[in-house]
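This is what each chain is made of:
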Amino acid sequence: MKRFPLASAVLLAGLVLPAVADAHTFGAHDAGFVHGFLHPVGGWDHLLAMVAVGLWAAQRGGAALWALPAAFVTAMFGGGLLGMAGIGLPAVELGIAGSVIVLGALIAAQSRLSLPVSLAAVALFALFHGHAHGAEMPEAAQPLLYGLGFALATALLHGAGVAVALSLRGFAREGKGGLVLRGLGAAIGLGGVALVTLA
């Protein structure tokens, strides 16, 4: 049976993407896990960056397949704690948009940065994303549940990126899989540029 990885990716995106185009603070009482879970998928900037981490991890393969997503989630949780505590970071929104552009460019270029440098870059980007999540936590939220929510959503988005990239290996015999993946990276990078332009 012939596989259609791009169609699957579009279907997955349609199921995951909410109608909201940007992440916002929720004002409901008793906000917690669900609000944290919805925050990363409620904004194009977060969603594109997190899927891009999964795409890049799978493109690189080896230890990067698990190390890059793990570094992102860990550092993002740390950034979330900073945001919850009211400790500021400079240029958070610019850092988030920049992460989308850079990650997209790294995929498009099929970058082979060393693993330590790649981990450091991913962790730096994750701090900005986490800070935004933490700073926008609803007042009524339980911090631990909220943090677990956005951490799980992020891990699932990484997993979606990995799944899309691995499914593209079905085109490997025709030499198209890598090209399509690089094209997705370019599209993500351009999406980041659009986010900066429209901000």
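For clarity, every value in this text was computed on a predicted model and none was experimentally measured.

Definitions and cut-offs
- Residues numbered from 1 in each chain as written.
- Predicted model: local features only at pLDDT ≥ 70, side-chain atom pairs only at ≥ 80, totals over all residues.
- Heavy atoms only, no water.
- Helix = DSSP H or I, 4+ residues; strand = E, 2+ residues; numbered from the N terminus.
- Buried < 20%, exposed > 50% of the residue type's maximum accessible area, 1.4 Å probe, protein only.
- Contact = heavy atoms within 4.5 Å.
- Areas by Shrake-Rupley, 256 points an atom, 1.4 Å probe, with all protein chains shown as cover.
- Expected span 1.5 Å × (residues − 1).
- Axes fitted to C-alpha atoms, helices over the stretch in contact; angles between N-to-C directions.
- Parallel < 35°, antiparallel > 145°, perpendicular 65-115°, else oblique.
- Left-handed = near helix turned anticlockwise from the far one by under 90°.
- Nonpolar A, V, L, I, M, F, W, Y, C, P; charged D, E, K, R; others polar.
- Phe/Tyr/Trp six-rings, centres within 6.5 Å; stacked < 30°, edge-to-face > 60°.

Trainee: Mind showing me how you'd approach the overall build of the protein chain here?
Mentor: Along the backbone of the protein chain there are 8 helices and 0 strands. Listed by position from the N terminus, the elements making up the protein chain come as α-α-α-α-α-α-α-α. Counting over 199 residues, the protein chain shows a buried share of 45%. Considering only intrachain contacts with a sequence separation of at least 6, the fraction spanning at least 24 residues in the protein chain is 81%. For the protein chain, the exposed surface amounts to about 9700 Å²; the carbon and sulfur share of it is 73%.

Trainee: Explain the environment of Val-180 here, please?
Mentor: By the secondary structure assignment, Val-180 is in helix α8 (residues 177–198). Through-space distance from the C-alpha of Val-180 to that of Arg-169 is 10.0 Å; in sequence the pair is 11 residues apart.

Trainee: Can you walk me through helix α6 (residues 115–135) in this structure?
Mentor: Given 3.6 residues to a turn, an α-helix orients residues that are three or four positions apart in the same direction. With 21 residues, α6 extends 30 Å from end C-alpha to end C-alpha; this agrees with the ideal 30 Å at 1.5 Å per step. Taken as a whole, α6 has its buried residues at Ser-118, Val-122, Phe-125, Ala-126, Phe-128, His-129, Gly-130, His-131, Ala-132, His-133 and Gly-134. Those residues of α6 hidden inside the fold are in contact with α2 (33–41), α3 (44–60), α4 (64–84), α5 (92–108) and α7 (143–167).

Trainee: Teacher, can you tell me more about the packing of α3 against α8 here?
Mentor: Working note: a packed helix pair is described by the angle between its axes plus the distance between those axes. At a minimum axis separation of 10 Å, α3 and α8 run at an interaxial angle of 155°. Taken together, the axis directions place α3 and α8 in an arrangement best described as roughly antiparallel. In the crossing of α3 with α8, the sense of the turn from one axis to the other is left-handed. Contacts between α3 and α8 involve Trp-44, Asp-45, Leu-48, Ala-52, Leu-55 and Gln-59 from the first element and Leu-181, Arg-182, Ile-188, Gly-191 and Leu-195 from the second. Here the residues of the contact of α3 with α8 sort into 7 nonpolar, 2 polar and 2 charged.

Trainee: Explain the environment of Ala-52 to me, please; I cannot follow it from the model alone.
Mentor: Of note, Ala-52 is situated in helix α3. Overall, Ala-52 belongs to the buried group, its relative accessible area being 0%. Sequence separation between Ala-52 and Ser-99 is 47 residues; the distance between their C-alpha atoms is 9.4 Å. Every residue in contact with Ala-52, bar those within four places of it in the chain, is listed here: Leu-103, Ile-107 and Ile-188.

Trainee: What am I meant to see in the packing of aromatic side chains here?
Mentor: This structure, assessed with the given rule, holds 3 aromatic pairs. Between the aromatic rings of Phe-33 and Phe-37, the centroid separation amounts to 6.3 Å while the plane-to-plane angle is 25°, which identifies the pairing as stacked. Pair noted here: Phe-33 and Phe-37 are both in helix α2, with a separation of 4 residues, about one helical turn. A relative accessible area of 35% places Phe-33 in the partly exposed class. Under the relative-accessibility criterion, Phe-37 is labelled partly exposed at 27%. When the centroid spacing of 6.1 Å and the interplanar angle of 40° are considered together, the rings of Phe-77 and Phe-150 count as tilted. Pair noted here: Phe-77 is in helix α4 and Phe-150 is in helix α7, with a separation of 73 residues, a long-range link. By relative accessible area, which is 27% here, Phe-77 ends up partly exposed.

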